[in-house]
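# Topology and contacts: notes
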Amino acid sequence: MSFTSSSRQLPNTDETPERETPEPDAPSPGIEQPGPASQDASADSPDRARDTTDAEPGRGASSSGPEQPAPAAEGEPAVGAAQDATDPEPERGATDAEPVVGAPEGEVPAGSGAGSSSDDDEGGEDGGDDGDKPVPVSSPPPAGHADEGADGGTDEDGDTVPAAPSAGGVGEAAPPSGRVRGWRGRYPVAATVLAWTVTGLAAVLVLFALLMPGKADQFHPAQFLRVPVEAVFGAALVLVLPRRPRIAVSAVAGLALGVLTVLNLLDVGFNEYLGRGFNVVLDWALFSDAQAYLQDTFGGGGALGIAILAVVLVIAVLALVTLSVVRLGNLVARNSEVATRATLVAAIVWVTCAALGVQVTGVPIASEHVALAVQDRAHRVRDTIRDEAEFQKIAKKDTFANTPPDQLLTDLRGKDMMITFIESYGRSAIEDPVMAPGVDATLTAENRKLTGAGFAAKSGWLTSATYGGSSWLGHSTFLSGLWINNQQRYRTVTAGDHLTLPGAFAKTGDWDTVGVMPGVQKAWPEQKFYGIDKLYDSRDLGYRGPKFSWSTMPDQYALTAFERLVHGKKHDKPLMSTIILTSSHQPWAPIPRTVPQDQVGDGSVYDAIEKAGKRPGDIITDARKSKEEYGKSIQYSVTSLIDYLVKYGDKNTVLIFLGDHQPIARVSGDHASRDVPVSIVAKDPKVLDRIADWGWTDGLQPEHNAPVWKMSAFRDRFLTAYGSTPHS
């Protein structure tokens, strides 16, 4: 057998040398020139050096000199010669490295596998490469520390490997001797600590992902002191799979768990803001609205930064969870005996706790959180798909669809109607101990203003179809009489011709219908569905002042513009006006301040008020401050509306105003209702007499036990109360 030289310089020879054996009894461990005897021996048995080394596992390459080949017993052939003559060359591995001509004795070239372990899972990735520098062969393992490579066993991935000859104690379990390739060899203690730290963090991350709840108020220690059945099944599966299927299954399972973790994070956010979990079918469209909200609140740069952080977070979660599951799978396979016992114990504990119903602070020890979460999402997807077909049938049914125009709203003829939504005006504003004192005082004061001007009011509660946001769902539910609680239903109903309250007034031919919507900043095709003849959005109201976070203009200005552009002008018919006020939209900073009516002008007066106000970043992360500023914003909106009514209303004015939904959970509370206050205000006593049997509270503040209806029920009750005859 002959060998060609590598790129390294061969010691003092111009010939291609034969395989050499070390010269016995060398005085020092340096590189020696082979003598004639060595060359002859090498020629007779090229593999003698390796074979004799294998024959003496107790001696390592780090001894004071080259090893003496073991003499053959009398009458026996030389080991190397016999093997060369009858056996094929054994397969090389990490524990079977052959010396190369030109390399110092006891060293092998980089890449041969000696002195380093393959793909060490505990240490992470390879710490470096010393290039072509020779690497010393590891010294033999200490007594009592068996080399896995010597007797067979498993590799670092947990797979069975055949027994390999011990080349001077070379093996993964052997401690390094001399220079070992990579930083792990130079700093073994630090490498071990880092490896176990990474493994520990991987276990914590996977456990967190398996047990993570979907609501912020459920994050407490007991939630994570549980035994997830998914981990038990996963460990059992890893133990029986071969290496490649095991890694593939671990990677797929890790990616799936990462996706579920991202969805759980979305659930936390949606429950915090909208009072419901994330709908994987419908809610992707809401991200554009969220981006617009962030841009209005934090500016373009802030919104971009948050978007980038969100993308990085998603990628990091998917990557880290996947890598963590793969790493733990390799650890289980590599320590199969211990892992088998641990898996059996965990299974027994889980079954016992599940059977006995063992709990810690009300939280079951036996967890099947992931399985239930996946099942819940599958049901929600199925229900969403079914709901679309069912709602299309519901939307086609309308009690008043075929009512003749002369039989609609006969008891309101000649009245100027105003339906006004106050953003986020919910029950919590009136009953929460933080917001209620200020809001209740404002309602009392404004009610006195109304009484002094000859107006009266009755108030009750409606349960909104949305919570914390998606105001258009509340608007459409109230005006259409249908329960519009998701984007799919909203698209379905607005694409049809279901009769709305503005549409009913328009159908009579006795009212002009207008809309004042400062929150609309682009084309709004829903105008036709609602039956609004003329729309005034943020671009039509002539505002020249600053935005107040998301709100494009103060409510006082929007109402003043309505008076200037619409209500204050002469018109042949009474008006049916739909007005949506926005100053109480989150983040409730800065909040406008009421200015003298003759100073409103084009809105420039609000420049100084906006600059002097609080910043969103100071409010949005503090629940107490958010509650306080939210309450102030409701006070401002109610005051602006009642001031307008007292100043510009007359005996024919009828005002219906309500909230579209409760504020976010951080303000309204984790378990708050979806109720919002609704009031009808008029000077003509006959208007309120028509609803005397509703049981509503006199004044602007409904009592706690006042009647509560679903918001979708208002349309039919209102049409019936004021003279409309059903014709389905």
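Each value, and the rule that gives it
- Residues numbered from 1 in each chain as written.
- Predicted model: local features only at pLDDT ≥ 70, side-chain atom pairs only at ≥ 80, totals over all residues.
- Heavy atoms only, no water.
- Helix = DSSP H or I, 4+ residues; strand = E, 2+ residues; numbered from the N terminus.
- Axes fitted to C-alpha atoms, helices over the stretch in contact; angles between N-to-C directions.
- Parallel < 35°, antiparallel > 145°, perpendicular 65-115°, else oblique.
- Left-handed = near helix turned anticlockwise from the far one by under 90°.
- Contact = heavy atoms within 4.5 Å.
- Phe/Tyr/Trp six-rings, centres within 6.5 Å; stacked < 30°, edge-to-face > 60°.
- Buried < 20%, exposed > 50% of the residue type's maximum accessible area, 1.4 Å probe, protein only.
- Lys NZ or Arg CZ within 6 Å of the ring centre and 35° of its normal.
- Core = buried A, V, L, I, M, F, W, Y, C linked by side-chain atoms within 4.5 Å.
- Nonpolar A, V, L, I, M, F, W, Y, C, P; charged D, E, K, R; others polar.
- Expected span 1.5 Å × (residues − 1).
- Bend = angle between axes of the 7 residues up to and from the residue.
- Pairing = 2+ DSSP bridges.

What follows covers unusual backbone geometry. For the bond from Q586 to P587, the omega torsion is 15°, close enough to zero to count as cis. At S470, a residue that is not glycine, the phi angle is positive and equals roughly 55°. Assignment of secondary structure puts S470 in the loop between β10 (456-463) and α14 (471-480). If you check the backbone angles, S549 has positive phi at about 55° while not being a glycine. With respect to the secondary-structure elements, S549 resides in the loop between β12 (534-537) and α18 (555-567).

What follows concerns the packing of helix α7 (residues 229-240) against helix α10 (residues 336-356). As a packed pair, α7 and α10 sit with axes 10 Å apart at the nearest point and diverge in direction by 150°. Taken together, α7 and α10 sit at an angle that is classed as roughly antiparallel. Remark: the crossing between α7 and α10 carries left-handed chirality. The segment α7 lies against α10, with V229, V232, A235, A236 and L239 engaging S336, A339, T340, T343, A346, A347 and W350.

Going through the model one piece at a time under the given rule, you end up with 23 aromatic pairs. On the numbers, 4.8 Å between centres and 80° between planes, the contact of F278 with W284 is edge-to-face. Residue F278 is classed as buried on the basis of its relative accessible area of 1%. By relative accessible area, W284 is classed as partly exposed at 48%. A network of ring pairs unites the aromatic residues F421, F478, W694, W696, W709, F714, F718 and Y722 as a single cluster. The ring of Y536 carries the charged tip of K534 above its face, separated from the ring centre by 5.3 Å. Between K710 and the ring centre of W483, over which it is positioned, the NZ or CZ distance is 4.1 Å.

Ranked by size, the top nonpolar core spans 50 residues in total, and within it F478, I680, F714 and F718 carry the most contacts. Aside from chain neighbours lying at most four places away, what touches F718 is L409, L412, M417, L501, F505, I656 and W694. One finds Y543, F548, A561 and L641 within the second-largest nonpolar core, a separate group that totals 47 residues.

Any two packed helices are characterised by the angle at which their axes cross and by the distance between the axes. Put simply, helix α8 (residues 243-274) and helix α11 (residues 369-396) touch, their axes get as near as 12 Å, and they point 70° apart. Overall, the two elements α8 and α11 adopt an arrangement that is roughly perpendicular. The two elements α8 and α11 cross, and the hand of that crossing is left-handed. Taken together, the residues of α11 that come into contact with α8 (itself represented by L257, L260, L263, N264 and D267) are H369, V370, A373, V374, R377 and R380. Per-class residue counts for the contact of α8 with α11 are 6 nonpolar, 2 polar and 3 charged.

Moving on: helix α9 (residues 286-334). With 49 residues, α9 extends just 46 Å between its outermost C-alpha atoms, more than 12% less than the 72 Å of an ideal straight helix rising 1.5 Å per residue. Maximum bend of α9: about 125°, positioned at F298.

It is worth spelling out the pairing of strand β11 (residues 512-517) at this point. Walk down a regular strand and you will see the side chains alternate between the two sheet faces. With 5 of 6 residues buried, β11 is to be regarded as a mostly interior element. Sheet topology note: the β11/strand β13 (residues 575-581) ladder contains 5 bridges and is parallel. Paired with T513 across the strands is M576, a residue of β13. By the bridge criterion, 4 bridges tie β11 to β12 in an arrangement that is parallel. Residue V516 lies in a different strand from β12, and its bridge partner there is Y536.

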